[in-house]
Amino acid sequence: MENTDIFYQYLEFPLGYVLIMADDHRLLKIKFVREFHQNRSNSITMLCARQLEEYFSGKRRIFECPFRFTGTDFRLKVWKATMKIPYGQVITYKNLAASIGKPRAYRSVANALGANYLPIIVPCHRVVASGGNIGGYSPGVQIKKFLLSLEGVTI
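Let us look at the structure shown here. All values derive from a computational prediction rather than experimental measurement.

Along the chain, the position of Asp23 falls in the loop between strand S2 (16-22) and strand S3 (27-33). Side-chain polar atoms of Asp23 contact the backbone nitrogen of His25, separated by 2.7 Å. At 2.8 Å, the side chain of Asp23 forms a polar contact with the backbone nitrogen of Arg26. The contact partners of Asp23, leaving out residues within four places of it in the chain, are Thr4, Asp5, Phe7, Leu28, Asn42 and Ile44.

Take a look at the structure:
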């Protein structure tokens, strides 16, 4: 097994901090946290932090950070389909399930989104419940509302 260093960088945003984790080659995880700790950054965490800052300031809609999905085939399909949802738009869990050829799997789609380890990059905040309900969000519904509002979406 290869010994890989993990690098991390914290970025402040209006509801706390975003923790960006990477190895020497790619982005590994993005997590919303309440506390800031010492950065141990590298070029990938700095690139992602810059792009997230641009996103939070309304200047970026598409991310260009190197990453690799790891997960079940179903989760990979869900995450890849989620990345196709345009900035400032939302779809329902049911519509996302239909888009991957599994129209009845909307609860499984919701579970896959809950396991998303690259929020914002994989914009699961753009998936909402049917009937105008905002639905859930692993980092918290308040953060989901903030991200949607940032993109000009009102639920």
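In this section: the sheet that holds strand S1 (residues 7-13). If you walk across this open sheet you meet the three strands as S1-S2-S3, and the pairing is antiparallel. With partners counted over all chains shown, the strands left at the sheet margins are S1 and S3, one partner each. The average angle at which neighbouring strand axes cross in this sheet is 20°, direction not considered. As paired strands, S2 and S3 are joined by six bridges and run antiparallel to one another. Across the sheet, the residue bridging to Leu19 is Lys31, located in S3. Taken strand by strand, helix H1 (residues 43-56) contacts S1, S2 and S3, and its axis lies near 15° from that of S1.

Take helix H5 (residues 141-150) next. Residues Ile143, Lys144, Leu147 and Leu148 constitute the buried set of H5. Here the buried residues of H5 occupy an arc of 135° about the axis, which is enough to place them on one side. Turned more than 90 degrees from where H5 packs its buried face, Gln142, Lys145 and Ser149 sit exposed. One or two steps after H5, the chain reaches Gly152, where phi turns positive at roughly 85°.

Where helix H2 (residues 73-82) meets helix H4 (residues 106-114), the axes come as close as 9 Å, and the angle between the chain directions of the two elements is 80°. Between H2 and H4, the interaxial angle falls into the category roughly perpendicular. The residues of H4 that touch H2, namely those facing Phe74, Arg75, Val78, Trp79 and Thr82, are Ser108, Val109, Ala112 and Leu113. Per-class residue counts for the contact of H2 with H4 are six nonpolar, two polar and one charged.

The next subject is the environment of Ile30. Relative to the assigned elements, Ile30 resides in strand S3. For Ile30, a relative accessible area of 3% puts it in the buried group. Excluding its chain neighbours within four sequence positions, the residues that come into contact with Ile30 are Val18, Leu19, Cys48, Leu52, Tyr117, Leu118, Pro119 and Ile121.

With that out of the way, let us pick up H4. For H4, the full list of buried residues reads Val109, Ala112 and Leu113. One side of H4 carries all its buried residues, which in axial view fall inside an arc of 100°. Looking at H4, the residues exposed on the side facing more than 90 degrees away from the buried face are Arg107 and Asn111. Tucked into the core, H4 has its buried residues touching H2, helix H3 (93-99) and strand S5 (127-128).

So, how was this worked out
Residues numbered from 1 in each chain as written. Predicted model: local features only at pLDDT ≥ 70, side-chain atom pairs only at ≥ 80, totals over all residues. Heavy atoms only, no water. Helix = DSSP H or I, 4+ residues; strand = E, 2+ residues; numbered from the N terminus. Polar contact = N/O pair within 3.5 Å; in protein donor to acceptor, adjacent residues only side chain to side chain. Contact = heavy atoms within 4.5 Å. Pairing = 2+ DSSP bridges. Axes fitted to C-alpha atoms, helices over the stretch in contact; angles between N-to-C directions. Buried < 20%, exposed > 50% of the residue type's maximum accessible area, 1.4 Å probe, protein only. Arc of directions from axis to C-beta. Parallel < 35°, antiparallel > 145°, perpendicular 65-115°, else oblique. Nonpolar A, V, L, I, M, F, W, Y, C, P; charged D, E, K, R; others polar.

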